[in-house]
Amino acid sequence: MLGTITNCCTILAGSVIGATLHKGIKEEYQETMMNGLGLAALALGINNFAKAMPNSNYPVLFIFSMAFGGLLGSILDLDGKFQKLAQKVSKGNLAQGLTTAVLLFCIGTMSILGPIQSALNGDNTLLFTNAMLDGVTSMILASNFGIGIALSAGILFLWQGSIYVLAQFIGRFMTENVMTEISIVGGILIVSSALGILKIKGIKTLNLLPALFIPVIYIALTSINFKLF
C-alpha cells in the first residue's frame with residue numbers, strides 16, 4: 001500500500017499548495033491553467049484509447065459498454081447524487097472540480113494497473129509515477145476549485161486500496177484483455193471530462209462510470225461460457 005499512500009499524500013500536498021496560491025493567481029492565469037489541464041487530459045484520454053485499441057480483441061465492446069454503462073449510470077443518477085453530496089460540502093463549483101479530479105486520478109491505466117502490480121509483484125513504480133502527476137494536477141485543480149479537491153485523496157485511497165485488496169484474490173482474472181478494454185473505456189471517459197474542463201461540452205461523465213465494469217463482466221461471462229461449451 002506504500003504506493004497508494006504516497007499517491008494520496010501528493011494529492012493532499014498539491015491541494016494545500018494550490019489552495020494557498022489561489023489568492024495570488026489572477027483569474028486569467030487560472031483560466032489558462034485550466035485550459036492547459038483540459039488539453040493535457042484530452043491528450044491523456046486520446047493516448048489511452050489509441051494505445052489500447054489496436055490490442056483489443058473486442059473492437060466494438062467499448063461502444064456497448066459506453067451505451068449500456070451510461071444507461072445504468074443515468075438510471076442510478078450517479079451525477080445527481082454526487083452533485084448533491086458535493087453541494088453539502090461546498091457552495092461553490094467544487095462538484096465539477098471533484099468530478100474532474102476523481103476521473104483524472106482514478107480512471108487510468110496507472111491508477112488501475114499500479115495497485116495490481118503492487119499487490120502481486122510488490123512493484124510500486126507505476127504508483128510512484130502516478131503520484132507525481134496527480135500532485136501537479138491537484139495543485140492546478142485546487143487553485144481553481146479550492147481545498148475541497150483534497151477530498152479526492154480519500155476517494156483515491158478507497159479506489160486503489162480496493163483494487164489492491166481484490167488483486168490478491170482475483171489477480172489471475174485481471175487478464176491483458178480485461179486491462180485493454182478498461183483502458184479503452186477509461187480513455188473515453190477522460191476525454192469526456194476534458195471536454196467539460198475546456199467548456200466545449202458539458203457531459204455528465206459520472207453517469208458513464210459504470211461503463212468501466214461492463215468489459216470485466218462481459219469477458220468473465222464469455223470465458224465461463226467458453227469453458228462450459
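Residues numbered from 1 in each chain as written. Predicted model: local features only at pLDDT ≥ 70, side-chain atom pairs only at ≥ 80, totals over all residues. Heavy atoms only, no water.

Asker: A description of the packing of helix H1 (residues 2-21) against helix H7 (residues 125-145) should follow, citing residues and the corresponding values.
Answerer: Interaxial distance between H1 and H7 falls to 7 Å at its minimum, and their mutual angle equals 20°. Comparing their axes, H7 and H1 come out roughly parallel. Of the two elements, H1 crosses H7, and the hand of that crossing is right-handed. Between H1 and H7, the contacting residues are Leu2, Gly3, Thr4, Thr6, Asn7, Thr10, Ile11, Gly14, Ser15, Ile17, Gly18 and Ala19 on the first element and Leu127, Phe128, Asn130, Ala131, Asp134, Gly135, Ser138, Met139, Ala142 and Ser143 on the second. Among the residues forming the contact of H1 with H7, the class breakdown is 9 nonpolar, 12 polar and 1 charged. (Axes fitted to C-alpha atoms, helices over the stretch in contact; angles between N-to-C directions. Helix = DSSP H or I, 4+ residues; strand = E, 2+ residues; numbered from the N terminus. Parallel < 35°, antiparallel > 145°, perpendicular 65-115°, else oblique. Left-handed = near helix turned anticlockwise from the far one by under 90°. Contact = heavy atoms within 4.5 Å. Nonpolar A, V, L, I, M, F, W, Y, C, P; charged D, E, K, R; others polar.)

Asker: Mind laying out the confidence of the model for the protein chain, listing which residues take part and the relevant values?
Answerer: Confidence in the prediction for the protein chain averages 82 pLDDT; 88% of positions are at 70 or higher. When the elements of the protein chain are averaged for pLDDT, helix H4 (residues 78-89) gives the smallest value, 72, and helix H3 (residues 61-76) the largest, 94. (pLDDT = per-residue confidence, 0-100.)

Asker: I'd like a rundown of the packing of H3 against helix H9 (residues 176-197), residues and numbers included.
Answerer: In the contact formed by H3 and H9, the axes pass within 10 Å of each other and the chain directions differ by 55°. Considering their axes alone, H3 and H9 lie oblique with respect to each other. At the point where H3 passes H9, the crossing takes the right-handed sense. Contacts between H3 and H9 involve Leu61, Phe62, Ser65 and Met66 from the former and Glu181, Ile184, Val185, Ile188 and Leu189 from the latter.

Asker: Outline the packing of aromatic side chains, supporting the account with residue identities and numerical values.
Answerer: Across all of its chains, the model carries 3 aromatic pairs by this definition. With centroids separated by 5.5 Å and ring planes inclined at 75°, the aromatic side chains of phenylalanine 49 and phenylalanine 62 adopt a geometry described as edge-to-face. Taken as a pair, phenylalanine 49 in helix H2 (residues 27-52) and phenylalanine 62 in helix H3 lie far apart in primary sequence, 13 residues in all. Phenylalanine 49 sits in the partly exposed class, given a relative accessible area of 26%. Geometrically, the ring pair formed by phenylalanine 64 and phenylalanine 68 is stacked, given 5.6 Å between the ring centres and 5° between the ring planes. Taken together, the positions of phenylalanine 64 and phenylalanine 68, both in helix H3 and 4 residues apart, correspond to about one turn of that helix. Judged by relative accessible area, which is 40%, phenylalanine 68 ranks as partly exposed. (Phe/Tyr/Trp six-rings, centres within 6.5 Å; stacked < 30°, edge-to-face > 60°. Buried < 20%, exposed > 50% of the residue type's maximum accessible area, 1.4 Å probe, protein only.)

Asker: Please give an account of the nonpolar core that cites residues and values.
Answerer: Formed by 24 residues in total, the largest nonpolar core has its most connected members in Met34, Leu37, Leu104, Phe105, Leu141, Ile149 and Leu156. Contributing elements (two or more residues each) for this core: H1, H2, helix H5 (94-106), H7, helix H8 (151-170) and H9. If one sorts the elements of this core by residue count, H5 sits on top with 7 residues. Formed by 20 residues, the second largest nonpolar core is a distinct cluster that contains Ile163, Tyr164, Val178 and Leu189. (Core = buried A, V, L, I, M, F, W, Y, C linked by side-chain atoms within 4.5 Å.)

Asker: So what's going on with the side chain of glutamine 160? Which residues, and what values?
Answerer: Mapping glutamine 160 onto the fold places it in helix H8. Within polar-contact distance, the side chain of glutamine 160 engages the side chain of threonine 4 at 3.1 Å. (Polar contact = N/O pair within 3.5 Å; in protein donor to acceptor, adjacent residues only side chain to side chain.)

Asker: With reference to specific residues and values, describe H7.
Answerer: Between its terminal C-alpha atoms H7 stretches 30 Å, which fits the 30 Å expected from 21 residues at 1.5 Å a residue. Downstream of H7 by one or two residues, glycine 146 has phi in the positive range, about 100°. (Expected span 1.5 Å × (residues − 1).)

Asker: Give me the lowdown on the environment of glycine 135, citing residues and values where you can.
Answerer: Summarising the element assignment, glycine 135 is placed in helix H7. The class for glycine 135 is buried, based on a relative accessible area of 12%. Distance in space between the C-alpha atoms of glycine 135 and threonine 6 is 10.0 Å, their sequence separation being 129 residues.

Asker: An account of the environment of alanine 50 is requested, with residue identities and associated values reported.
Answerer: Within the secondary structure, alanine 50 sits in helix H2. Taking the C-alpha atoms as reference, alanine 50 lies 9.6 Å from serine 183; in sequence the two are 133 residues apart.

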